[in-house]
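So the chains spell out like this:
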Amino acid sequence: MSFLLGFIPAKSDSVVVLLCRQPCAAISNSKDVTWDITEWLPLIDDRCFLPWLVTVPSEQEQLRARQVTAQQINRIEDMWKERPDAEFNDVEKPQEGDEPDPIKLRYEDGYQYQNIFGPLVQMEAEYDKKMKEAQAQEDIAVRWDIGLNQNRLAWFIFPKLELGEVRLAVGDELRLRYRGELHAEWEGNGHVIKIPNNTSDEVCLELKRGDDAPTDCTHNFTVDFVWNSTSFDRMQAALKKFAVDEMAVSGYLYHKLLGHDAEPPVLKAELPQRFSAPNLPELNHSQVFAVKSVLSQPLSLIQGPPGTGKTVTSATVVYHLAKMAAGQILVCAPSNVAVDQLTEKIDLTGLKVVRVMAKSREELDSSVRHLSLHEQVMNMDTYPELQKLLRLRQSVGELSRKDEQRFMKLRRACEREILENADVILTTCSAAGDPRFSGLKFRAVLIDESTQASEPEIMIPLVHGIRQVVLVGDHQQLGPVIMNKRAANAGLNFTLFERLIHLRLRPHRLQVQYRMHPCLSEFPSNMFYEGSLQNGITTQERLRADVKFPWPVPETPMMFHINLGQEEISTSGTSYLNRTEATNCEKIVTTFLRAGVSPQSIGIITPYEGQRSYIVNYMQFSGTLRKELYKEIEVASVDAFQGREKDYIILSCVRSNEHQGIGFLNDPRRLNVALTRAKYGLVILGNPKVLSRHGLWHDLLTHFKDNDCLVEGALTNLKVSLIQLSRPRR
């Protein structure tokens, strides 16, 4: 019999019990089972294995033992990922070329720039490849289907995803293999078109060619990641182009990007009389100032704190850039979601817009599909022969060799014509290195979410002959995800936006927030933005009198609800969960739902995959209302909520221990994002005794306490807590 193990603390000061969670716990007749207590023994006491399991070393043995630091343990664990046979002695050995050259603030020339960033990109690429290729999952059961475009679909559950061991995004390429007895060996590649959400745990893979797929088989499949080097290759190509091609960027930008002092050129452009753009909202004073400033500068930064209308400001900048002078504008962001949002806004202004998508995403549904290059090619009636070949290709599936060559040639010509006639072309930073962009020169580029991309990724759109650059972002929110620790430590996670600030390029900060109830914006404004955030909405606009919720102070919809339950290590052994917080989370959600709040308006943020998975399951099986309601509530990590908002946010902190740290929660940028997603109300569940040992959390808890919003007890009988906060470790 197989079962999942988990750690359950009976009381904070007693033995930890190792318990089988599922399926034993779920067996319907478990009440009838007679448990022989003598056969069940505790394993751990005070974070040590008990002597019946592991012999306690004598004092003499302890004296002879080598002292091992946490740093050394981390090092050997990292080494095991690459070399499973690595021994502890290897930790002490000097590694050849161990630490790469760290990034600099200033560079002598493009070659030094390339020589420092190139190896870091290479390290990240190798690590990414290793991680992806190690993620094969066997014994997958597949459910077959046909998509609307008649392509073969494979649906399956991917356990490693649930355990938080892999990252999966729409558009990723996977390989499905069959090695069973009912069919000849088979393998097929496809792109992910759906990832698990609260309504379904299945992944959906659209196969490139599914005509010979073993659709009569459902078991004995294996899933592998197909590693794609494209984005890393494009970063390296951009770094090389920056170093060797004098026409890659203007002379002024070349020197500014290297950190040199340079005299800015005079941009010959007449500023508009009116700064708001057609069909977009009127700008406030700080947005007008930002737009006006960047239009006349060759290199500028716009900092957009949460809810300050960053997308509208960016779209307005692009509109005026396109109208002020000849030459095309390139607009990029690291994520497809951000590019799509900008595409929608810029399209409203009446400019001629083209959205270029990666080939792997062309079939995916999108709100801006009608503006995409491939869709515009399909609707281009000046190429009748191309339309005929397109129809033939769709009906037959493939063309003859001669027809395929003709089709490719016509399609390239058609794409070129559409791209050359556009005012604005939008794509992701990585896709800006696509061959379809070769030969195109852009006068200006605006990059949104530039603080979520590494510097080499930002270079891909910059080397298209650019003469004017606008970077939009917020270095007080989450930065780029760099998987390789050594590359991150060498500075690959330090963004170009931040480097330019260190080089004394002052960002234009948007200062009026339209998202949060004023009580929710007060702490982030004071802590992360020097108190500069103003409220563009009133208290009354963010109070919902129809929602009956037991806020401790009715006019102040926020509370820190004290939860003293212990944290546990989750099923995967690599994450954490906290049952007390999960139980209270369900009660709070149920209270909101009963008060008439729609499930789509509620978001639950937790930094740990173990807790995310546990909350989803707990609400499904223990929630007092209909299962369907809980399914529609988004439960996700802080990272998944960046750039988004919900009416009500519940933040489950999870960490609650006597000895260890608070992990992810220690990152101020993560805390900033978590606190600034809610429009109407915020509930935090956590253990103040543990959290208040950390300076930033101590300040936050003091803020809640000063506002009588630090509470304890049942939801039906909340009381202001008199708990003494721990002194922070400085």
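Residues numbered from 1 in each chain as written. Predicted model: local features only at pLDDT ≥ 70, side-chain atom pairs only at ≥ 80, totals over all residues. Heavy atoms only, no water.

Caption draft 1: Expanded view of a nonpolar patch on the surface. Side chains of F49, W52, L53 and V54 sit close together on the surface and give an oily, nonpolar patch of about 400 Å² of accessible area. Position of W52 relative to the elements: it lies in the loop between strand 4 (48-49) and helix 1 (59-64). (Patch = residues over 30% accessible without salt bridge, like charges linked within 9 Å, V, L, I, M, F, W, Y side chains within 5 Å. Areas by Shrake-Rupley, 256 points an atom, 1.4 Å probe, with all protein chains shown as cover. Salt bridge = Lys/Arg side-chain N within 4 Å of Asp/Glu carboxyl O. Helix = DSSP H or I, 4+ residues; strand = E, 2+ residues; numbered from the N terminus.)

Caption draft 2: A look at helix 8 (residues 285-295). Of the positions making up helix 8, those classed as buried are S286, Q287, A290, V291, S293, V294 and L295. As for helix 8, its buried residues are in contact with strand 12 (299-303), helix 9 (310-324), strand 17 (468-473), strand 18 (508-509) and strand 19 (512-513). For helix 8, the capping residue at the N-terminal end is N284, with a side-chain oxygen 3.0 Å from the backbone nitrogen of S286. (Buried < 20%, exposed > 50% of the residue type's maximum accessible area, 1.4 Å probe, protein only. Contact = heavy atoms within 4.5 Å. Polar contact = N/O pair within 3.5 Å; in protein donor to acceptor, adjacent residues only side chain to side chain.)

Caption draft 3: Broad picture of the pattern of salt bridges. Inspection of the entire model under this criterion finds 33 salt bridges. With its nearest N and O atoms 2.9 Å apart, the salt bridge here joins E645 to R515. Highlighted residues: E645 in the loop between helix 21 (638-641) and strand 26 (646-652) and R515 in the loop between strand 19 and helix 17 (518-528), separated in sequence by 130 residues. The exposure class of R515 is buried, given its relative accessible area of 8%. Several salt bridges converge on common partners, so that one network encompasses R175, R179, E185 and E187.

Caption draft 4: Broad picture of the sheet that holds strand 6 (residues 142-146). Strand order in this open sheet of 7 strands is 5-11-8-9-10-7-6, and the pairing throughout is antiparallel. Both edges of this open sheet fall to strand 5 (137-140) and strand 6, since each of them pairs with a single strand only. Sheet twist, expressed as the average angle between the axes of neighbouring strands with direction ignored, equals 35°. As paired elements, strand 7 (residues 152-157) and strand 10 (residues 202-207) share 5 bridges and run antiparallel to each other. Counted as the bridge partner of W155 is C204 from strand 10. (Pairing = 2+ DSSP bridges. Axes fitted to C-alpha atoms, helices over the stretch in contact; angles between N-to-C directions.)

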